[in-house]
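Coordinate analysis (summary)
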Amino acid sequence: MLKSGKNKIDGLFTKVNKPSRYLGSTYPEEKINKKSLLKVALCFPDLYEIGISNLGLSILYSLLEKDKDILVDRCYAPANDLEEVMRKDKISLFGLETKLTLKDFDIIGFSLQHELLFTNVLNMLDLAGLEVKSDKRDWPIVIAGGSCCFNPEPMADFIDAFVIGDGEEVLQDICHEVISAKKKGLAKKQVLGLLSQIKGVYVPLIGNTVKKRVVTDLDNNLENYSKTWPKVPFGQGVHDRLTMEIMRGCGRGCRFCQAGYITRPIREVSAVLLANKTKETLEKTGYGEVSVLSLSSTDYSQIDSLIADTMAYCKRKKVSLSIPSQRVDSFSVKIGQEIGKVKSTGLTLAPEAGTERLRKVINKNLTDTQIDCTLKEASTSGARKVKLYFMIGLPTEDQEDLQGIVDIAKRASKKSNKLKVTASISTFIPKPHTAFQWCAQNSLEEIRQKQTFLKENIVGYNLELRWHNPEQSLLEGLIARGDRSVGQVIKKAWQKGAKFDNWSESFNFDIWSQSLFDQGLSFDDYLKGRSLKEEMPWQNIDSGLKLSFLKSEYDKAFALKPSQDCRIKCLKCGVCENGVKNIYSKPTEIATSPARNDVIAPCLPPCLPAGRAGRRSETTNQSNGKEGKSRLRLVIQKLPPLHVLSHLEYVKAFERSLRRSGLPLLYTEGFSPRPKISYSPALAVGTSSQGEIFDVWLTAKDSLDFSKLKKSFVKGMELVTYKLLDNNHPRFFKEYIGASYQLTLKLNKRISVDVINDRIKQLLNNTEIIREKVLGLSIIDCKEDSLTFEVECCIDLVPKWIIAVLEQLNIDFEVAEVKRLKFLKELDVKKI
Ligand code: SF4
């Protein structure tokens, strides 16, 4: 049986790339609730850098962390190199903070955001030493949430209970039901019976019909989770920034968009609360970038006042703001200009289809003129990059629609030579709970032909084309509308080695084709069009949308009839019943940028109130001089476990600490301003340090408040000293010429000190690099199984060269620890 254990896990750090993925530390430090009644592991079935950027999981984590009865931990799919070591050394998959094996938890919760991550779920269960099939497993209870659960059938054999809809309230209900069941000593089957009674929980064993759970008060939700949220990770995520959710749901009704349909109704967070929370959270975390999150951020009713207010703060604090989901109109360009005042960002637009006709089919009712106007504005306003998102394989698509994509991309590229245009082409996949859930998906051959046409025609020196792997899209389509038999295919494929199927480098289509064939199934069985009368595998999952509504949208699509945005006119889709309805932010008292007020007003649905006009005066804390008013020298220890951070990760963590300190930092100029800091030479991953030296430029020299400095640093990054330097104080590389390191070797074969000393002397005389660069070398300690020595060397000699040279000593060793002790000035150095 697999085992876990903290020492064993810490030992893994030296054997893998990117050990920071498994470090588990954050700022502020996680609190491990040792007296808990329930242990919950929240798992994301993809690499750390993807999972750590997932807002939903971080919200759930914070809500559970607040509960005194619950110990919560998190876990991500280990990369292949770690998995190899774990399987070889029989180490079980573990929670990052507690290092407990997943088997020790009462609940394991997976976030299912993408069909191509399903094999990773099975792999993680197996790595935890658990049976993958639900009926062969006892405790822990394995639950899943996320958009893929709206068709739970492909994973129904492996997951005990699915959360349908918003997870915040339902997860807490599940936890408390399990706590009470544990107290009563109930068996797993009985617990599952109780869970099926909770609104929003589907238990495959019971086969209950379930109605989606909806969080109706997002303000209250934000107030709740933000008490312990967010945790700033040290390892770098794909979105390494603060993310503020501004709204759930979308009223636009794009007929292919599952996210838009299943997250209805629209619920906006109040703009005043958001503005305040954003500032407060930036201050407490030290993030230098913030992004707003929703399906269509520029549809947020108070976006003008929110952006104006947030930008005024961001400009003062040199924080960049990004708005990833925007619609195609001039409003997006104005917002791009506004937020580009701190950091230059590109414009991302999603026309989705190449012609007005096809855009009518999908209910994305944009005209060519609107698209061209936006592109023109973008190019004249100085945007340097435009990303255009299109989909191929949409219902009724023909050659003219493909040509339309080429034409839009070319017209965009002709707007300006300086504009870099990227056309990103995805493949339409009919998803459950959408108006197109009955439609056929294009075959592999059709998609390949369409992609070839686009590759041959979207060419130009400022034009770039990106496309999705058609085989991955085929698999996504198969699983998305799959039934329980698809679960057997998933299991077969995993047994044959399929995992990380969403990563093209690890995706193996042959494995999937073979697994389907073994089950007597084919892609065509699942990708073909379906009759409107056909029963769907997800029929017992009630998303709130009436089937009659989806069917009428389907009919309207083929009749090229538009449906209005439901913020303007309710289409009676069925969602806003039983106390749930669209909720908009109130007009706010926060300032509005007049530069954008003139363009937002016409874009707002008539029923919504526009924000108030008014301009906030802007100030910056910048000094006019590039050198700043003063230089602060900090000496910082880099101690385990942070020694496994890369230099880049360490620098980010350091910059965030400085931002939290509230000191008046001087920022660099250019497109991505950053605090002006000079660093001592980078340390290799795995090397700790007794005193790294950082010079930080400030915009003031008097009345500086250092009271927050010490506690703004994180555990493992300890502030040793700080002092303000005179203006004429030399720069680091003028002042220091060397460094001393302490190396501890684990000796695999015993050897006497005299022999080692002799060999070192020979080495010093015979090796050129040592003669030139090593200034001193002495043995500190020699035991039967370890050897510790100190090396003083030139600043540009890195420990790995010393280790490479030591390998010539003809002794059998492994490196146990490398520590930088201090930097050396000329006077410190005694040449050997
Ligand atoms: S019931 Fe009406 S307002 Fe509510 S989500 Fe559906 S269409 Fe929109």
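Computed from a predicted structure; not experimentally measured. Along each chain, residues carry numbers from 1 onward, in the same order as the chain's sequence is written. The model is predicted, so local features are restricted to residues of pLDDT at least 70 and side-chain atom pairs to those at 80 or more, both for listing and for counting; the totals for chains, interfaces and linings are taken over all residues. The side-chain quantities take in all heavy atoms of the structure and omit both hydrogens and water.

1. Concerning the site of the ligand
We define proximity as follows: a residue is near a molecule or strand when any one of its heavy atoms falls within 4 Å of that partner. Inspection of the region around the ligand gives R264, C566, C570, L571, K572, C573, C576 and N582 as its neighbouring residues. Any residue that is not Ala, Val, Leu, Ile, Met, Phe, Trp, Tyr, Cys, Pro, Asp, Glu, Lys or Arg is counted as polar, Gly included; the first ten are nonpolar and the last four charged. When the residues that make up the shell around the ligand are grouped by side-chain class, the tally is five nonpolar, one polar and two charged.

2. Concerning the nonpolar core
One broad trend across soluble globular proteins is that nonpolar side chains are buried collectively. F110, L112, M155, L195, L634 and F654 are the most contacted members of the largest nonpolar core, which has 188 residues in total. Every residue in contact with M155, bar those within four places of it in the chain, is listed here: L112, F118, V121, L122, F162 and I490. In terms of nonpolar packing, the next biggest core, distinct from the first, is built from 31 residues, I693, L763, V774 and F823 among them. Grouping buried Ala, Val, Leu, Ile, Met, Phe, Trp, Tyr and Cys residues that are joined through side-chain atoms within 4.5 Å yields what is termed a nonpolar core. The buried label goes to any residue with under 20% of its type's maximum accessible area, the exposed label to any with over 50%, and the partly exposed label to all in between, with areas taken from a 1.4 Å probe on protein chains only. Any two residues whose heavy atoms approach within 4.5 Å at even a single point are treated as in contact.

3. Thoughts on the pairing of strand β13 (residues 289-293)
Going along the chain from the N terminus, every DSSP run of H or I of four or more residues is numbered as a helix, and every run of E of two or more is numbered as a strand. Summarising burial for β13: four of the five residues are buried, a large majority. In this sheet, β13 lies alongside strand β10 (residues 242-245) in parallel orientation, the contact comprising four bridges. For M244, the partnering residue across the bridge sits in β13 and is V292. When β13 meets strand β14 (residues 320-322), the two strands line up parallel, connected through three bridges. Within the sheet, the bridge partner assigned to V290 lies in β14 and is L321. When DSSP finds two or more bridges between a pair of strands, those strands are recorded as paired.

4. Looking at unusual backbone geometry
The step from W229 to P230 runs through a cis peptide bond, and the omega angle for that step is -10°. Structurally, the position occupied by P230 is in the loop between α8 (218-225) and β9 (232-233). Note the cis peptide between R264 and P265, where omega equals 0°. Along the chain, P265 turns up in the loop between α9 (258-262) and β12 (267-268). One non-glycine residue, K18, lies in the positive phi region at around 50°.

5. Things to note about the packing of helix α10 (residues 271-285) against helix α11 (residues 303-317)
Fitted lines through C-alpha atoms give the axes, limited to the stretch in contact for helices. The angle between two N-to-C directions lies from 0 to 180 degrees. Interhelical geometry of α10 versus α11 gives an angle of 15° and a closest axis separation of 9 Å. One finds that α10 runs roughly parallel with respect to α11. Crossing of α10 against α11: the hand is right-handed. Counting all contacts with α10, which are made through A271, L274, A275, T278, K279, L282 and E283, the residues of α11 involved are L306, D309, T310, Y313 and K317. Class assignment for the residues of the contact of α10 with α11 results in six nonpolar, two polar and four charged. When describing relative orientation, an angle under 35 degrees is termed roughly parallel and one over 145 degrees roughly antiparallel, while 65 to 115 degrees is termed roughly perpendicular and anything else oblique. Crossings are assigned a handedness: left-handed for a near helix turned anticlockwise from the far helix by less than a right angle, right-handed for a clockwise turn.

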